[in-house]
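Residue-level structural notes
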Amino acid sequence: MSLPPARKAMTRAQARQFITSLAEANPDAESELVFRDAFSLLVAVVLSAQATDRSVNKVTEGLFRDAPDARAMVALGEDGIAAHIRTIGLWRAKAKNVFRLSEQLLALHEGEVPADRAALEALAGVGRKTASVVLNVMFGESAMAVDTHIFRLGNRTGLAPGKTTRAVEEGLIRRIPPEMLRPSHHWLILHGRYVCKARSPECWRCTAFAPCLFPLKEDIGSKKPGRDKKPLREKAMPATDRG
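Rules used in this analysis
- Residues numbered from 1 in each chain as written.
- Predicted model: local features only at pLDDT ≥ 70, side-chain atom pairs only at ≥ 80, totals over all residues.
- Heavy atoms only, no water.
- Helix = DSSP H or I, 4+ residues; strand = E, 2+ residues; numbered from the N terminus.
- Rg over C-alpha atoms; globule rule 2.2 N^0.38 Å.
- Buried < 20%, exposed > 50% of the residue type's maximum accessible area, 1.4 Å probe, protein only.
- Polar contact = N/O pair within 3.5 Å; in protein donor to acceptor, adjacent residues only side chain to side chain.
- 1 Å grid on protein atoms, 1.4 Å probe; cavity = no way out; pocket = protein on both sides within 12 Å on 5 of 7 lines; lining within 4 Å.
- Points joined across faces, edges and corners; volume = space filled by probe spheres on them.
- Nonpolar A, V, L, I, M, F, W, Y, C, P; charged D, E, K, R; others polar.
- Axes fitted to C-alpha atoms, helices over the stretch in contact; angles between N-to-C directions.
- Parallel < 35°, antiparallel > 145°, perpendicular 65-115°, else oblique.
- Left-handed = near helix turned anticlockwise from the far one by under 90°.
- Contact = heavy atoms within 4.5 Å.
- Phe/Tyr/Trp six-rings, centres within 6.5 Å; stacked < 30°, edge-to-face > 60°.
- Lys NZ or Arg CZ within 6 Å of the ring centre and 35° of its normal.
- Expected span 1.5 Å × (residues − 1).
- pLDDT = per-residue confidence, 0-100.
- Core = buried A, V, L, I, M, F, W, Y, C linked by side-chain atoms within 4.5 Å.

A few points about the overall build of the protein chain
When helices and strands are tallied, the protein chain shows 11 helices and 0 strands. Reading the secondary structure of the protein chain in the N-to-C direction produces α-α-α-α-α-α-α-α-α-α-α. In summary, the protein chain has a C-alpha radius of gyration of 19 Å against a globular reference of 18 Å for 243 residues, a match within 12%. Buried residues in the protein chain amount to 49% of all 243 residues.

Quick word on the side chain of Glu202
The residue Glu202 is located in the loop between helix H10 (178-194) and helix H11 (217-221) in this model. Here Lys197 takes part through its side chain, which lies 2.6 Å from a polar atom of the side chain of Glu202.

Regarding empty space enclosed by the protein
Inspection of the entire model under this criterion finds 1 cavity of 30 Å³ or more. Empty space within the largest cavity amounts to approximately 90 Å³. Grouping the amino acids of the lining of the largest cavity by side-chain chemistry returns 9 nonpolar, 2 polar and 2 charged.

Topic: the packing of helix H8 (residues 148-157) against helix H9 (residues 165-175)
Where H8 meets H9, the axes come as close as 10 Å, and the angle between the chain directions of the two elements is 65 degrees. Looking at the two axes, H8 sits roughly perpendicular to H9. H8 and H9 meet at a crossing whose hand is left-handed. On the side of H8, the interface is formed by Ile150, Phe151, Gly154 and Asn155, while H9 contributes Thr165, Val168 and Leu172. Residue composition of the contact of H8 with H9, by class: 4 nonpolar, 3 polar and no charged.

Side note on unusual backbone geometry
The backbone of Leu90 shows a phi angle near 60 degrees, a positive value even though the residue is not glycine. Located in the positive-phi region is Glu110, a residue other than glycine, with phi close to 55 degrees. Take Glu110: it is sitting in the loop between helix H5 (91-109) and helix H6 (117-121). Since its relative accessible area comes to 75%, Glu110 is described here as exposed.

Overview of the packing of aromatic side chains
The description of an aromatic ring pair rests on the distance of the ring centres and on the angle between the ring planes. By the definition in use, this model includes 0 aromatic pairs. Over the ring of Phe214 we find Arg156, and its NZ or CZ is 5.4 Å from the ring centre. Lying over the aromatic face of Phe209, Lys217 brings its terminal NZ or CZ to 4.6 Å of the ring centre.

A word on H5
Between its first and last C-alpha, H5 extends 25 Å over 19 residues, near the 27 Å set by a 1.5 Å rise per residue. Listed in full, the buried residues belonging to H5 are Trp91, Lys94, Ala95, Asn97, Val98, Phe99, Leu101, Ser102 and Leu105. Buried residues in H5 make contact with helix H2 (38-47) and helix H4 (70-85). Remark: Glu110 follows H5 within two positions and exhibits a positive phi of approximately 55 degrees.

Regarding H2
Burial analysis of H2 places 10 of its 10 residues in the buried class, the great majority of the element. Looking at the buried positions of H2, the neighbouring elements they touch are helix H3 (53-66), H4, H5 and helix H7 (128-139). The N-capping residue of H2, defined by a side-chain oxygen 3.3 Å from the backbone nitrogen of Phe39, is Asp37.

Considerations on the environment of Arg193
Position of Arg193 relative to the elements: it lies in helix H10. For the pair Arg193 and His149, spaced 44 residues apart in the sequence, the C-alpha separation amounts to 6.5 Å. In this view, Arg193 contacts Glu32, Asp53, His149 and Arg152; residues no more than four positions away in its chain are not counted. Here the side chain of Arg193 touches Asp53 through a polar contact of 3.1 Å, side chain to side chain.

Considerations on the confidence of the model for the protein chain
Interpretation of the predicted coordinates at a detailed level should be avoided for regions scoring low in pLDDT. Per-residue confidence for the protein chain gives a mean pLDDT of 91, with 91% of residues at or over 70. Ranking the helices and strands of the protein chain by mean pLDDT puts H2 first, with 98, and H11 last, with 90. Contacts from residues 227-235, a stretch scored under 50 in pLDDT, to residues over four places away or in other chains number 16 contacts.

Looking at the nonpolar core
Counting 39 residues, the largest nonpolar core has Leu42, Met73 and Ile85 as the members making the most contacts within it. Secondary structure elements with two or more residues in this core: H2, H3, H4, H5 and H7. In this view, Met73 contacts Phe39, Val43, Leu63, Phe64, Ala67, Ile81, Val98, Phe99 and Ser102; residues no more than four positions away in its chain are not counted. By size, the runner-up hydrophobic cluster in this structure holds 33 residues, among which are Leu181, Cys203, Phe214 and Leu216.

This is the structure we're talking about:
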């Protein structure tokens, strides 16, 4: 059985109630990636594509010890990077991208991570989502990074329905109060990761149950599913929008 999306979009009042509920439940939400500066965050986010934050944190501990900045990363080389990250998905392509973006940072930005979207997106392996994370977390911009969790939430709950990540991003920017937009990035990701999960949403413990427009929330929220119940399935985020 597929998980149907909301039939309509939330109003701005409903969106405020939804985000406020998430904020009250997890006021200190922050990235689960381990990083110490803009460079390590950028690399960690590039590595996190189609991988869990936990798996990325395991490999970056050694990687950042051996290569804490762009110059050291270039010196480590593509093979050296690959040796550190073999346990995560797409490690060959990611090793190439991390090496190339480190070279680009040295050649174009004196080794520093630029606080500019166009400059970030020009780096190897960096798409709109990755740039938005760096701008939000490191440079204080109210950028909304739409990953697979936020794409799911936007459509399932009616918070910001859209067929592409860009459409969901624009819907979130329109509906979420401006003063809540920057931190809502973390509230939404963590809610999607641990409560409004892809195959088995746990509606019975959702703090934003009331404003949510998910058609099956009453049925799922009435009782906790049994262990033998097969998980529901949903459509994945468009492949072209991952990154």
